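# Structural features, examined
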Amino acid sequence: MAIQAGLVGLPNVGKSTLFNALTKSSIPAENYPFCTVDPNKAITYVPDERLDRLATIFKSQKTLPTTVAFVDIAGLVKGASQGEGLGNQFLGHIMDVDLVLHVLRCFESDDITHVNNHIDPLSDYETICTELMLKDLESLEKRDERLHAFLKKAKNSPTPAQQIKEWEQEQVYNVKLKTAINAYDHEAFRALVAQAKKENIVLVPLLSGKNFLIIANVSEDDYVGNAFENNQHYCALVKKFGADRVIPVSAKIESELAQLPVAEAQEFMKSLGIEHKGLDTIIKKAYDHLGLITFFTCGPKEAHAWQLRKNTAVPQAAGEIHTDLERGFICAEVYNCQDLFTFGTEQELKTRGKVRTEGKEYIVADGDVLVIKFNV
């Protein structure tokens, strides 16, 4: 799957520093706007301790984790929707991602300039969302012109009634969406996009309706010992978006950790009183908010983690492994890895009736271990 999460924010909020840490890449992270001219993309493994435990049980020679692609998109500024800064091309890059990661600066520093000369992450977020919505307004107006032409032509030529109904439904939603944009109501806009999806109404691709997470980039001092909980900017973000959607990180600390060998990184974290890398939280939450789960195939050669959209039936899961497995699917032997961790061996699972044979209707669950039976 070509799943992508895009790091979005104003200039000099820590996006490129965070991207370097996420991917252990080496792109410019200098103290001036627009140091990242083209979007930088890299693939990052999704941390999953279950895979290592399965590899140990099966004595697998290697492990193959799931991945998420992260894209570092250059800083947006007010007026981007009209081409200010490097606006239009970057707005186009955002359209290509599945999940938007809003990187918001929550620390003061005399050494790092801010494009607006003051720290206000909520204002920064509003600036970005407004530019995305204004670009969406342009898309909606162009789409409305086409819909009007389609419906006008339909009056004078044979057109399926269902097609006319779909165009009319889309028109109704477009009016509501434009009203939300004109009111600068981001929440109402997203709610309308979600409702249209629920009703299976296809809309023109929109930037503002994308799923998102908030990354609160705090200072090193605030990150140590969870002092960020008293950071007024972080607290304001949690109040607005909820703790589940806001991820506190110190891009500088994460960047330093990314350059160290594993043992030294763990020792450094211990000295700072940090239990978990902020980057691991970003990767895991990005994976979850993209609506993905993981299933496994295991053997002595490899323990392989596979990503899958939630609510996917087992034949399509088999197709992620190889198209022949989906085409010739017969059934699948299934058990959950947590049962294996509890009881120790596949034989013990079979004895306890924990191994099931499932047919084409089975919906794969997170943590399932699959053995596919097929005939081509």
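Residues numbered from 1 in each chain as written. Predicted model: local features only at pLDDT ≥ 70, side-chain atom pairs only at ≥ 80, totals over all residues. Heavy atoms only, no water.

## Focus: the side chain of Lys 210
Along the chain, Lys 210 falls in the loop between helix H6 (186-198) and strand S6 (211-217). Buried within the structure, Lys 210 lacks any salt-bridge partner; its nearest side chain of opposite charge belongs to Asp 98, at an N-O separation of 6.2 Å. Only 2.7 Å separates the side chain of Lys 210 from the backbone oxygen of Val 97, close enough to count as a polar contact. Lys 210 has contacts with Ile 94, Met 95, Val 97, Val 100 and Arg 190, leaving out every residue within four places of it along the chain. (Helix = DSSP H or I, 4+ residues; strand = E, 2+ residues; numbered from the N terminus. Buried < 20%, exposed > 50% of the residue type's maximum accessible area, 1.4 Å probe, protein only. Lys, Arg positive; Asp, Glu negative; His and termini not counted. Salt bridge = Lys/Arg side-chain N within 4 Å of Asp/Glu carboxyl O. Polar contact = N/O pair within 3.5 Å; in protein donor to acceptor, adjacent residues only side chain to side chain. Contact = heavy atoms within 4.5 Å.)

## Quick look at the environment of Gly 225
When you line up the elements, Gly 225 lands in the loop between helix H7 (220-223) and helix H8 (232-241). Measuring from C-alpha to C-alpha, the distance between Gly 225 and Leu 272 comes to 7.5 Å, with 47 residues separating the pair along the chain.

## Description of the environment of Pro 248
In this fold, Pro 248 is placed in strand S7 (residues 246-249). Relative accessible area serves as the criterion here: at 16%, Pro 248 is assigned to the buried category. Each C-alpha atom, one on Pro 248 and one on Ile 215, is 6.0 Å from the other, the two residues being 33 residues apart in sequence.

## Some points on the packing of helix H4 (residues 121-154) against helix H5 (residues 161-182)
Two elements in contact, H4 and H5, have axes whose closest approach is 10 Å; the angle formed by their N-to-C orientations is 150°. Classed by the angle they form, the pair H4 and H5 counts as roughly antiparallel. For the pair H4 and H5, the crossing hand works out as left-handed. Contacts between H4 and H5 involve Met 133, Asp 136, Leu 137, Leu 140, Glu 141, Arg 143, Asp 144, Leu 147, His 148, Phe 150, Leu 151 and Ala 154 on the former and, on the latter, Ile 164, Trp 167, Glu 168, Glu 170, Gln 171, Asn 174, Leu 177, Lys 178, Ala 180, Ile 181 and Asn 182. Its residues assigned to classes, the contact of H4 with H5 comprises 12 nonpolar, four polar and seven charged. (Axes fitted to C-alpha atoms, helices over the stretch in contact; angles between N-to-C directions. Parallel < 35°, antiparallel > 145°, perpendicular 65-115°, else oblique. Left-handed = near helix turned anticlockwise from the far one by under 90°. Nonpolar A, V, L, I, M, F, W, Y, C, P; charged D, E, K, R; others polar.)

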